[in-house]
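Below, each chain spelled out in residue letters.
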Amino acid sequence: MSSPPRLPHLLGLEGLDAPRIEELLERSRLFLPAAVGHAPPPGHHAHRMVANLFFEDSTRTRSSFARAAMLLGAKVVDLLESGSSASKGETLLDTALNLQAMGFDALVVRTAASGGPHLLAAHLRKPIVSAGDGRHEHPTQGLLDLLTLQKALNSLQGRVVAIVGDIANSRVARSDIHGLTALGADVVLVGPPTLVPAALRSIADGPGRVWIEHDLDRVLGEVDALITLRVQMERAAGTGLAGDFRAMYGLNTFRAGRMKPHAVIMHPGPMNRGQEIESLVADDPTRSVILQQVTHGVAVRMAVLDALLAS
Ligand code: ASP
């Protein structure tokens, strides 16, 4: 099988076909031993420099992009909104053009604005990697979720994955939907009608199917994996919903006990323990793969940076 043409940027999983996604996942699997410190860091991108532009808060994504770049041998400069000239009114594009003019080799970008990384990709010569843009996509989270699911379930073909919670405001859900359906998994979106708009049913091209269910208890026994999401309060979602949301969609031990024996539980973080997920479920070593997701994130980000820096 010939490998797909070079990837210029990674802005989303929408539009990436199965061979492209599989190629990135295969590259991630090769990097996994180094990501967890069980193999020497490859270090072959020494002399490369990556700018990490995080104009929205982050714990896992920012630190794992930094670790990934450093394991590849690259140096990393972190730029946050406060402390950069963004706080003086400089636009994202001007900031990025300045970093390109300094000679950075790639820009990892998180913005509150959906489409921010696309804007930069249209104007810059250097590779742009989206680290999450507004409510739109979070492609490396999507890839690390796919890697985690493949490790837990092997092939994703014909598997059923539930994504539960604030789908409307979740960039993770969008990337997961595109990635999962491209690899042949079916996706059921679960949440209240206000947080699961009907239009989401038709956002992906397949071959996997997408459908919507408002009653979590009806799908629990049918799924091979369940990805639970927090309500995105910073996007003004779910005001006044907390108690009802927990009762209707919170993942507790009773609900987890009704899932198939092999089914796994995932969360992209940050978790609101006691809200969308109970601690006993989040920390259950037999079902929860939440920390494996985090580990896989380093390998996936190594794979993405490696692919983009290779040119
Ligand atoms: N960390 C993920 C994101 O940046 C999920 C979340 O914040 O709920 O989208």
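In short, a report on the structure. (Residues numbered from 1 in each chain as written. Predicted model: local features only at pLDDT ≥ 70, side-chain atom pairs only at ≥ 80, totals over all residues. Heavy atoms only, no water.)

Helix packing geometry: the angle between the two helix axes and the distance between the axes. Close contact between helix 5 (residues 139-153) and helix 6 (residues 171-182) brings their axes to 8 Å; oriented N to C, the two are set at 50°. Classified by the angle between their axes, helix 5 and helix 6 sit oblique to one another. Note on packing geometry: the crossing formed by helix 5 with helix 6 is right-handed. Mapping the contact onto sequence places Pro 139, Gln 141, Gly 142, Asp 145, Leu 146 and Leu 149 in helix 5 and Val 172, Ser 175, Asp 176, Gly 179 and Leu 180 in helix 6. Residues that form the contact of helix 5 with helix 6 fall into these classes: 5 nonpolar, 4 polar and 2 charged. (Axes fitted to C-alpha atoms, helices over the stretch in contact; angles between N-to-C directions. Helix = DSSP H or I, 4+ residues; strand = E, 2+ residues; numbered from the N terminus. Parallel < 35°, antiparallel > 145°, perpendicular 65-115°, else oblique. Left-handed = near helix turned anticlockwise from the far one by under 90°. Contact = heavy atoms within 4.5 Å. Nonpolar A, V, L, I, M, F, W, Y, C, P; charged D, E, K, R; others polar.)

Bringing the site of the ligand into the picture now. Close to the ligand lie Arg 110, His 138, Arg 171, Val 172, Arg 230, Gln 232, Gly 269 and Pro 270. Contacts to the ligand include Gly 269, whose backbone N or O atom sits 2.9 Å from a nitrogen atom. Burial of the ligand by the surrounding chains reaches 91%, relative to a free accessible area of 260 Å². Classifying every residue of the shell around the ligand gives 2 nonpolar, 3 polar and 3 charged. (Near = heavy atom within 4 Å. Polar contact = N/O pair within 3.5 Å; in protein donor to acceptor, adjacent residues only side chain to side chain. Areas by Shrake-Rupley, 256 points an atom, 1.4 Å probe, with all protein chains shown as cover.)

Okay, helix 5 next. With 15 residues, helix 5 extends 21 Å from end C-alpha to end C-alpha; this agrees with the ideal 21 Å at 1.5 Å per step. Counted residue by residue, helix 5 has 13 buried out of 15 residues, so it is predominantly covered. Just beyond helix 5, the residue with positive phi is Asn 154, at close to 65°. (Expected span 1.5 Å × (residues − 1). Buried < 20%, exposed > 50% of the residue type's maximum accessible area, 1.4 Å probe, protein only.)

Turning our eyes to something else, we now look at the nonpolar core. Within the largest apolar cluster, 63 residues are counted, with the highest numbers of intra-cluster contacts made by Leu 143, Leu 149, Ile 163, Leu 189, Met 302 and Leu 305. Looking at which element gives the most residues to this core, the answer is helix 11 (residues 290-309), with 10 residues. Discounting residues that sit within four places of it in the chain, Leu 305 has contacts with Phe 65, Ala 68, Ala 69, Leu 72, Val 108 and Val 129. Residues Leu 195, Leu 216, Leu 226 and Val 231 belong to the second largest nonpolar core, which totals 23 residues. (Core = buried A, V, L, I, M, F, W, Y, C linked by side-chain atoms within 4.5 Å.)

For the pair helix 3 (residues 92-102) and helix 4 (residues 116-123), interaxial distance at closest approach is 10 Å and the crossing angle is 45°. Considering the angle they form, helix 3 stands oblique to helix 4. Where helix 3 crosses over helix 4, the two elements pack in a sense that is right-handed. Of helix 4, the residues touching helix 3 (which contributes Leu 92, Leu 93, Ala 96 and Leu 97) are Gly 116, Leu 119, Leu 120 and His 123.

Turning next to the pattern of salt bridges. A full pass over the atoms with the stated rule returns 14 salt bridges. Among the ionic pairs, Arg 27 bridges to Glu 23, the shortest N-O distance being 3.0 Å. Pair noted here: Arg 27 and Glu 23 are both in helix 1 (residues 18-35), with a separation of 4 residues, about one helical turn. The shortest N-O distance in the salt bridge between Asp 283 and Arg 273 comes to 3.0 Å. Of this pair, Asp 283 sits in the loop between helix 10 (279-282) and helix 11 while Arg 273 is found in the loop between strand 9 (264-266) and helix 10, placing the two residues 10 residues apart along the sequence. (Salt bridge = Lys/Arg side-chain N within 4 Å of Asp/Glu carboxyl O.)

With that out of the way, let us pick up the pairing of strand 8 (residues 225-228). With burial as the criterion, each face of strand 8 is covered, one bearing Ala 225 and Ile 227 and the other bearing Leu 226 and Thr 228. Both strand 5 (residues 160-164) and strand 8 contribute to a ladder of 4 bridges, which runs parallel. Within strand 8, the residue paired with Ala 162 across the bridge is Leu 226. Two strands pair when backbone bridges link them, and strand 8 and strand 9 are joined in this way by 3 bridges, in the parallel orientation. From the neighbouring strand, Ala 225 faces strand 9, where its bridge partner is Val 264. (Pairing = 2+ DSSP bridges.)

What follows covers the sheet that holds strand 3 (residues 106-111). The sheet built from 4 strands is open, its strands ordered 2-1-3-4 with parallel pairing. On the outer flanks of this sheet lie strand 2 (75-80) and strand 4 (128-133), each paired with one strand and no other. With direction set aside, neighbouring strand axes in the sheet form an average angle of 15°.

Our next topic: the environment of Asp 186. Within the secondary structure, Asp 186 sits in strand 6 (residues 186-190). Note: C-alpha distance between Asp 186 and Ala 162 (24 residues apart in sequence) is 8.6 Å. With sequence-adjacent residues up to four places away left out, Asp 186 is seen in contact with Arg 159, Val 160, Val 161, Gly 208, Arg 209 and Trp 211. Within the structure, Asp 186 has its side chain in polar contact with the backbone nitrogen of Arg 209 (distance 2.8 Å).

Scope: geometric values only; no functional claims are made or implied.
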